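Given next are the chains, with one letter for each unit.
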Amino acid sequence: MNRPSNIVFQSTKTFIRVANVWQLVIKRSLANWRLLSSVVLGVVLASSLMSGTIIYFDALRETALKTTLESTLDTKLDIVLESTRGPTIVSEYAQLHEAAVSEINKRVAWMLKGSVRAGRSPTMFLTKPGSEQEAGKDSNRTYFVFLDEIEKNIEIIQWGRMPTSKPQHDAGSPPMVEAIIPIEAADLFGVEVGDNLVAVPTWTDDAPYVTVVISGLFTKSGPESEFWHLNSVMSTATGKEFNTIPFYITESAFLNVVGPPLLKMDSTYYYLLDVDEHLLDANNANVAAQSISDLGAFLSTTLSKYLQVTVLDDVIRRYDRRLFFSKLPMFMVLVLISIVVLYYVATLSSLVVESQRGELILLRSRGANSTQILVVFILEGLTIAIFSTIVSPLIAAGSISLLGTTPAFSDLTGGEFLNISLSLRSFLIGGIGGILGLVALVLPAITASRIEVIRNRQEMGRPSSKPFLQRYYIDILLLIVSIYLFNRLTEQGSVVATSFLGESFATIVPLATTYALSTTLRSCEAL
């Protein structure tokens with residue numbers, strides 16, 4: 001027989017042996033289904049508690065982030081980029097725009113639902129035609145601005161119209177351009193459609209002034225919308241002590257008509273990045289904060305006089321710090337649950353093995369060795385562990401989702417189901433619970449599989465002495481020490497015991513945990 005055929009033969013033989021042993025395991029399980037069902041329930045419950053810890057805190061992280069973002073104004077979550085550059089010509093703006101858009105698309109575009117770009121000239125003196133020499137002696141001021149897609153966010157009043165991009169002056173004359181202005185500014189200055197005003201630079205330049213033809217008056221559509229947030233940022237640069245008329249012109253007119261005659265003019269360009277907070281979750285929040293920081297770090301070295309304004313990264317970092325300080329309580333909860341897991345499964349496993357003691361002695365008397373008997377228990381425990389690993393995260397997820405409908409979470413969820421997600425970590429932790437259950441099932445079996453027939457008769461006629469823990473009241477000492485340590489922890493501000501789960505939990509957990517620990521140690525010592 002060649003080697004490949006031998007390998008196939010040996011593999012088939014091994015598979016048949018395992019199948020035969022598994023049949024024995026199934027028969028034994030069915031014969032002891034009442035007690036074994038308690039073991040299965042215990043392992044599944046324990047694994048569900050362990051995986052549920054991950055799912056529960058992930059759900060709380062998600063809910064906490066959502067609540068934090070909803071409590072912050074949308075306009076404050078948006079990202080405003082600002083850079084000053086001159087001269088105000090097409091080539092200069094193209095370089096700035098290319099650098100900004102490239103980094104925006106690379107770093108933060110995934111969290112945006114839109115963007116608005118704008119440009120603003122420095123503040124200038126405002127006067128009427130023929131009074132250019134008197135400009136600056138009063139508090140009248142103006143500035144030129146282009147705002148992307150402004151026509152979709154305004155309503156032109158009466159016979160007015162949007163401004164054109166074409167120059168309105170003759171060659172060799174000071175520049176003249178069409179603009180629209182808000183109705184409030186028109187009422188303040190008594191300006192109507194068709195009137196001319198003059199913007200005089202506060203510095204000496206090639207063109208002494210720019211004449212503006214009012215082509216229309218407008219009102220804002222949805223003045224509280226995020227679109228106008230950028231406009232409010234630009235208007236604050238003028239100051240409230242001046243009477244100001246902003247001249248809204250097209251981007252082409254800004255760069256081709258107003259800018260070239262004023263070559264000494266440095267303009268400020270803005271980008272409003274409208275953040276979609278629904279795209280942010282607990283898993284990518286830190287990535288978002290880092291992306292915003294990286295965007296600012298790179299553009300500040302690329303663009304002149306760069307400024308980036310948002311509270312989103314600060315909100316996420318504060319939220320992340322609160323999560324960091326909750327890791328210790330989370331770890332404690334996981335440890336406490338693990339202890340209860342070991343206690344519950346080990347105790348029930350001991351009962352199962354003890355109930356099958358006569359069967360084990362019978363197998364030993366028929367020639368079965370310790371390894372053969374132990375394999376049966378290992379396969380039985382492995383089956384239970386695999387089943388609990390698969391099922392426990394699903395049970396935990398469903399139970400935790402239902403918590404959202406309870407009064408304790410109604411303020412956060414509005415009475416709806418708690419949003420949960422099944423991550424790989426929850427299945428891994430559930431698998432750890434299954435492995436612990438397997439260990440707790442196999443350990444009593446190891447001791448039982450080594451019992452000889454003669455030794456079994458001796459133990460039946462001679463009762464065993466009390467375990468060490470019971471004989472010297474070590475369990476009572478553990479109880480007192482645990483209560484003291486836990487109370488010290490709660491006095492120092494742990495959110496696990498009092499403020500998070502309630503006062504009753506602070507009393508029940510140390511008692512239940514210490515009892516579980518002492519009982520587990522008793523069981524191990526008895527084995």
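Right above here is the structure, for reference.
Residues numbered from 1 in each chain as written. Predicted model: local features only at pLDDT ≥ 70, side-chain atom pairs only at ≥ 80, totals over all residues. Heavy atoms only, no water.

Caption draft 1: Region of the structure containing the nonpolar core. Core analysis: the biggest nonpolar cluster contains 60 residues, and Leu-81, Met-111, Phe-144, Val-177, Phe-247, Leu-273 and Leu-312 have the highest contact counts within it. With six residues, the single largest contributor to this core is helix 8 (residues 285-302). Listed in part, the 17 residues of the second largest apolar core include Tyr-143, Val-145, Phe-218 and Phe-227. (Core = buried A, V, L, I, M, F, W, Y, C linked by side-chain atoms within 4.5 Å. Buried < 20%, exposed > 50% of the residue type's maximum accessible area, 1.4 Å probe, protein only. Helix = DSSP H or I, 4+ residues; strand = E, 2+ residues; numbered from the N terminus.)

Caption draft 2: Representation of the pairing of strand 4 (residues 140-147) in the model. Burial of strand 4 is extensive: eight of the eight residues sit out of reach of the surface. Residues Asn-140, Thr-142, Phe-144 and Phe-146 line one face of strand 4 and the alternating positions Arg-141, Tyr-143, Val-145 and Leu-147 line the opposite face, and both faces are buried. Of the pairings in the sheet, the one linking strand 2 (residues 112-120) to strand 4 comprises three bridges and is antiparallel in character. Within strand 4, the residue paired with Arg-120 across the bridge is Val-145. Two elements, strand 3 (residues 124-127) and strand 4, share two bridges in a ladder whose sense is antiparallel. Pairing of Met-124 across the sheet is with Thr-142, part of strand 4. Summarising the sheet, strand 4 and strand 9 (residues 243-248) pair through six bridges and their orientation is parallel. When the bridges of strand 9 are listed, Phe-144 appears paired with Phe-247. (Pairing = 2+ DSSP bridges.)

Caption draft 3: Spatial organisation of the pattern of salt bridges. Enumeration according to the criterion identifies seven salt bridges in this entry. A salt bridge links Arg-117 to Glu-251, with the nearest nitrogen and oxygen atoms 2.4 Å apart. A residue pair is termed long-range when its members are at least 10 positions apart, and Arg-117 in strand 2 and Glu-251 in helix 7 (residues 251-258) qualify at 134 residues. For Glu-251, a relative accessible area of 26% puts it in the partly exposed group. (Salt bridge = Lys/Arg side-chain N within 4 Å of Asp/Glu carboxyl O.)

Caption draft 4: Region of the structure containing unusual backbone geometry. Of note, the amide linkage connecting Gly-86 to Pro-87 takes the cis form, showing an omega dihedral of -5°. Relative to the helices and strands, Pro-87 is located in the loop between strand 1 (79-85) and helix 4 (90-107). The backbone of Glu-149 shows a phi angle near 60°, a positive value even though the residue is not glycine. Position of Glu-149 relative to the elements: it lies in the loop between strand 4 and strand 5 (154-156). Even without being a glycine, Lys-305 presents a positive backbone phi close to 50°.

Caption draft 5: Looking closely at the packing of aromatic side chains. What the rule picks out here adds up to eight aromatic pairs. Here Phe-227 and Trp-228 contribute two aromatic rings whose centre-to-centre distance is 5.1 Å and whose plane-to-plane angle is 90°, an arrangement assigned as edge-to-face. The ring of Tyr-143 carries the charged tip of Arg-120 above its face, separated from the ring centre by 3.8 Å. Positioned over the ring face of Trp-228 is Lys-220, at 5.0 Å from the centre of the ring. (Phe/Tyr/Trp six-rings, centres within 6.5 Å; stacked < 30°, edge-to-face > 60°. Lys NZ or Arg CZ within 6 Å of the ring centre and 35° of its normal.)

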